[in-house]
Amino acid sequence: MENVSSWLIYLFVANIIGFYLMFKDKQKAKQHTYRIPERTFWLLAILGGSIGIYIGMRSFRHKTKHKSFTIGIPVLIVVNVISFISLVFFL
């Protein structure tokens, strides 16, 4: 059970970071300053932050015109959920 709580904390932090980075990138887009690279969002989504990134996309209406994000992030949410369930029940 200790491992489960550690994984939940990790996922919570990863998703908070994903949400925050979406917020910051939207601000930078409005100010026309240096942006956060898309590969950063993808890496974070693969590492478990996909839900936070998706909520950030919807909350700030950011990256919603990118088909790769509107399709890819929900797919990674499913992959992350399946991975988490696998870790909990099979390790």
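Summary of the structure given here. (Residues numbered from 1 in each chain as written. Predicted model: local features only at pLDDT ≥ 70, side-chain atom pairs only at ≥ 80, totals over all residues. Heavy atoms only, no water.)

Glancing now at the packing of aromatic side chains. The final tally for this structure, using the stated rule, is six aromatic pairs. With a centroid separation of 6.5 Å and an interplanar angle of 40 degrees, the aromatic rings of tyrosine 20 and phenylalanine 23 are classed as tilted. Placement of both tyrosine 20 and phenylalanine 23 in helix α1 (residues 2–31) is noted, with a separation of three residues, approximately one turn of the helix. Since its relative accessible area comes to 32%, phenylalanine 23 is described here as partly exposed. For the ring pair phenylalanine 41 and phenylalanine 69, a centre distance of 6.3 Å and an interplane angle of 75 degrees mean the geometry is edge-to-face. Of this pair, phenylalanine 41 sits in helix α2 (residues 38–60) while phenylalanine 69 is found in helix α3 (residues 67–90), placing the two residues 28 residues apart along the sequence. Across this residue pair, the class does not change: phenylalanine 41 and phenylalanine 69 are buried. Put simply, the rings of Phe19, Tyr20, Phe23 and Phe60 touch in pairs and so form one group of aromatic residues. (Phe/Tyr/Trp six-rings, centres within 6.5 Å; stacked < 30°, edge-to-face > 60°. Helix = DSSP H or I, 4+ residues; strand = E, 2+ residues; numbered from the N terminus. Buried < 20%, exposed > 50% of the residue type's maximum accessible area, 1.4 Å probe, protein only.)

A volume near 160 Å³ is recorded for the largest pocket. Residue lining of the largest pocket: Leu8, Leu11, Phe12, Asn15, Gly48, Ser50, Ile51, Ile77, Asn80, Val81 and Phe84, and that is the complete set. Of the residues in the lining of the largest pocket, the class split is seven nonpolar, four polar and no charged. (1 Å grid on protein atoms, 1.4 Å probe; cavity = no way out; pocket = protein on both sides within 12 Å on 5 of 7 lines; lining within 4 Å. Points joined across faces, edges and corners; volume = space filled by probe spheres on them. Nonpolar A, V, L, I, M, F, W, Y, C, P; charged D, E, K, R; others polar.)

These figures capture arrangement, not role.
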